[in-house]
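Breakdown of the fold
This is what each chain is made of:
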Number of protein chains: 2
Amino acid sequence: MTDATAFADALDAVRFNADGLVPAIAQAEGSGEILMMAWMNRDSILETLSTGRVCYWSRSRGGLWRKGETSGQMQRLKEFRVDCDGDTLLLIVEQDGVACHTGRRSCFYRAWRDGKLEIIQEVETDPSVLYGQSGGHHGHSHG
Amino acid sequence: MTDATAFADALDAVRFNADGLVPAIAQAEGSGEILMMAWMNRDSILETLSTGRVCYWSRSRGGLWRKGETSGQMQRLKEFRVDCDGDTLLLIVEQDGVACHTGRRSCFYRAWRDGKLEIIQEVETDPSVLYGQSGGHHGHSHG
């Protein structure tokens, strides 16, 4: 059990939504690339701050989502930031491998160019390698 | 009236939430600094893509929020990206002045260090200059 009092200052600054969640942006240390956006609840913040390994809350699975638990693509927390309103978090992370379940470094691989959405980032790791032959969305959910 | 058909490919990729909104991260072109996170609806996306000036949806005011309309701190859209699930947007922007209503460049100016939240970015522009002597939160709302 994590001692919440040690992290009271951080938790007090967060304004959770009606579902007890707050959006968290993951940005790669060094390159500054935005890797993904996911959600955190109180417990996932506590676990992340106490272990240094990023843990989100999966809305679709309704449980803690320890990033990389299935895929091996962990995120190590380098810095935890809170915005002015306390309703968004920014996590500066060291990303093992790729952040996106499609095998791309970043989830933001589609850009609006010349009147259409273009794919601007290639797959680096085959999703079947990340998740086994069943593939798909297992272990990764922005939901 | 903006011709939505010209932007159908972008709109079709977005998965709006039950309130018809999607979170949008603003990142500074060049430096890669994360400036803020706010919300967009269909109309604000259309206006942003068609004008090249970033327009959010203010949840607290219940209306379009043309960033910089009051403060002068406009955001010019450089690139519009959609994530793998379509439920988060990334806007690469050229920011006039500061993004945060506190007069700081970024809204993410508090970082968890040594067991407490520290302010890691100074005020660049007095909010009374941005919003007049009434000051405060007018014209800026993440809500």
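This structure is a prediction, so every number in the text was calculated from the model and none was measured.

Focus: the overall build of chain A
Helix and strand counts for chain A stand at three helices and eight strands. Across the 143 residues of chain A, 57% fall into the buried class. Total accessible area on chain A is roughly 6000 Å²; 45% of this is exposed by carbon and sulfur atoms. Looking at charge distribution, chain A has the averaged site of its 15 positive side-chain charges lying 4 Å from that of its 20 negative ones.

As for the relation of the copies chain A and chain B
Least-squares fitting of chain A to chain B yields an RMSD of 0.0 Å, with the superposition described by an axial translation of 0.0 Å and a rotation of 180°. What the rotation and shift describe, once combined, is the action of a two-fold rotation axis. No C-alpha of chain A approaches the rotation axis more nearly than that of Gly32 of chain A, which lies at 2.8 Å. When you check the interface residues of chain A against chain B, 100% turn up at the interface there too, and the contact is symmetric in its surfaces.

Details of the interface of chain A and chain B
On the side of chain B, 43 residues touch chain A, which itself brings 43 residues to the contact. Between chain A and chain B, the buried area comes to about 3400 Å², and carbon and sulfur atoms account for 60% of it. Viewed at the interface, chain B and chain A are joined by four salt bridges. The shortest N-O distance in the salt bridge between Arg59 of chain B and Asp87 of chain A comes to 3.9 Å. Our enumeration of links across chain A and chain B arrives at 14 residue pairs in polar contact (both at pLDDT 80 or more). Taken together, the residues of the side of chain A that touches chain B break down into 23 nonpolar, ten polar and ten charged. Bridge analysis of strand β5 (residues 75-82) of chain A against strand β7 (residues 110-113) of chain B gives two bridges, and the strand direction is antiparallel.

Some details on unusual backbone geometry
You will see that Asp114 of chain A, though not glycine, has its phi angle at about 55°, which is positive. Relative to the elements of secondary structure, Asp114 of chain A occurs in the loop between β7 (110-113) and β8 (116-119).

Things to note about the UniProt feature "domain: Phosphoribosyl-AMP cyclohydrolase" (unreviewed entry) in chain A
The residues that UniProt annotates with the feature "domain: Phosphoribosyl-AMP cyclohydrolase" (unreviewed entry) are residues 36-109 of chain A. Its end C-alpha atoms 10 Å apart, residues 36-109 of chain A is made of 14% helix and 38% strand.

What counts as what
- Along each chain, residues carry numbers from 1 onward, in the same order as the chain's sequence is written.
- Starting at A for chains and at 1 for ligands, labels are handed out in the order in which the entities are written.
- Per-residue local features of the predicted model are confined to residues with pLDDT of at least 70, and side-chain atom pairs are confined, for both listing and counting, to 80 or more; whole-chain, interface and lining totals are unaffected and use all residues.
- The side-chain numbers reported here are obtained from all heavy atoms of the structure, hydrogens and water having been left aside.
- In this text, helices come from DSSP runs of H or I with a minimum length of four residues, and strands from runs of E with a minimum of two, each type numbered from the N-terminal end.
- Note on classification: 1.4 Å probe, protein chains only; a residue is buried when its accessible area is under 20% of the maximum for its type, exposed when over 50%, partly exposed between these limits.
- Using a 1.4 Å probe, the Shrake-Rupley method yields the accessible areas, and only the shown protein chains count as cover for residues.
- His is not counted here, nor are the chain ends, while Lys and Arg score as positive and Asp and Glu score as negative.
- Note that the charge is assigned to NZ on lysines, CZ on arginines, CG on aspartates and CD on glutamates.
- Least squares is used to superpose the copies, and the fit set is the C-alpha atoms of residues whose pLDDT is at least 70 in both copies.
- The contact definition used throughout considers only heavy atoms, calling two residues in contact when any of these lie within 4.5 Å.
- Buried area is calculated as the accessible area (1.4 Å probe) missing from two parts once they are joined, with the contributions of both summed.
- Here, a salt bridge means any side-chain nitrogen of Lys or Arg that lies within 4 Å of a carboxyl oxygen of Asp or Glu.
- In the analysis that follows, any N or O atom pair within 3.5 Å is treated as a polar contact, provided that within protein one partner can donate a hydrogen and the other can accept it, and provided that, for residues neighboring in sequence, both atoms belong to side chains.
- Residue classes follow a fixed rule: Ala, Val, Leu, Ile, Met, Phe, Trp, Tyr, Cys and Pro count as nonpolar, while Asp, Glu, Lys and Arg count as charged, and any other residue, Gly among them, counts as polar.
- Here, strands pair whenever DSSP counts at least two bridges between them.
- UniProt positions are given in the numbering used here, feature names are shortened, and annotations may be inferred rather than shown by experiment.

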